[in-house]
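# Survey of secondary and tertiary structure
Residue-level listing of the chains:
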Amino acid sequence: MGAEVFPPDISTTGHLVDGLFWLATRLTGVAFFLVIAALGYFLLRYRARPGRKAFYTHGESRGALWVTGGLAVAVFVLLDVNLAYHDHQAWDAVWGSPPRAADALRVQIMPEQFAWNIRYAGPDGIFRTSDDVTTINQLHVPVNRPVIVQLSSKDVIHSFFLPNLRIKMDAVPGMVTSLYFQAKRPGTYDIACAEHCGFGHYRMRGFLVVEESAEAFHAWLTQQTDAGSPDLSWGWQWGGHT
């Protein structure tokens, strides 16, 4: 059902996010139906009719208090507690278990008005050295490998959004934020900016390319390395190995 409404899910955890949406839709849909049904009943039951005199009540009887309290508890347990429980499970799966740095591909992204600047460490595994690879609006990752992305904005707040992975994180000037994901299906997918960042916000479109194998990804990375020297003028120092 979710595939008909949302972009295809290519993430290992995206189904949990979709599940939360449909759970909330079902629960609030049932609550809406019950409220409308009760409203219709009371409109018919207590409508103005000849020979019947209107009277007013503050609902302070014991029966009214029991009904009100029972409804409040039912709504709290069935809706709030239910959603909070499943939300915690989804949050823990998406954000609670970061991949080991040794197993993950690490990428730095610094958005600016109005482009995504993307950098990979070169063969030495260290960022901001002469063998780094930089691209604009093109993020390549291997399929079935964890990816850690570090973000920091060059100018204003941007929001790095991968609709097909059901994940999003703000890029904020002066600080570094991070997210991680694992794509399970090769292909080309959208990168969007989910924060209105200026008049050219509509141009903040990039592409996520999930390579079909680790070998294909490394072939692409090698090709970019051989293409020329990267621009090292932006970003922050973050050492380590890819």
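Check the entry above for the structure.
Quick caveat, the model's predicted, so the values are computed rather than measured. (Residues numbered from 1 in each chain as written. Predicted model: local features only at pLDDT ≥ 70, side-chain atom pairs only at ≥ 80, totals over all residues. Heavy atoms only, no water.)

Next up on the list: unusual backbone geometry. A cis geometry characterises the amide bond from Gln-113 onward to Phe-114, with omega recorded as 10 degrees. Summarising the element assignment, Phe-114 is placed in the loop between β1 (105-112) and β2 (115-120). One non-glycine residue with positive phi stands out, namely Arg-128, at about 65 degrees. In this structure, Arg-128 sits in the loop between β2 and β3 (133-136). Of note, Asn-144 is a non-glycine position whose phi angle comes to about 60 degrees, a positive value. Here Asn-144 is to be found in the loop between β4 (138-142) and β5 (147-151). (Helix = DSSP H or I, 4+ residues; strand = E, 2+ residues; numbered from the N terminus.)

Looking now at the packing of aromatic side chains. The geometry of an aromatic ring pair is captured by two quantities: the separation of the ring centres and the angle between the planes. Considering all chains together, one arrives at 10 aromatic pairs under this definition. Arranged with centres 6.1 Å apart and planes meeting at 55 degrees, the rings of Tyr-120 and Phe-217 form a pair that is tilted. Residue Tyr-120 is located in strand β2, and its partner Phe-217 is located in helix α4 (residues 214-227); the two are separated by 97 residues in the primary sequence. You'll find Tyr-120 and Phe-217 in the same group, each marked buried. Among the aromatic residues, those joined into a cluster by ring pairs are Phe-6, Phe-21 and Trp-22. When the ring centre of Tyr-46 is taken as reference, the NZ or CZ atom of Arg-45 above it lies at 5.1 Å. (Phe/Tyr/Trp six-rings, centres within 6.5 Å; stacked < 30°, edge-to-face > 60°. Buried < 20%, exposed > 50% of the residue type's maximum accessible area, 1.4 Å probe, protein only. Lys NZ or Arg CZ within 6 Å of the ring centre and 35° of its normal.)

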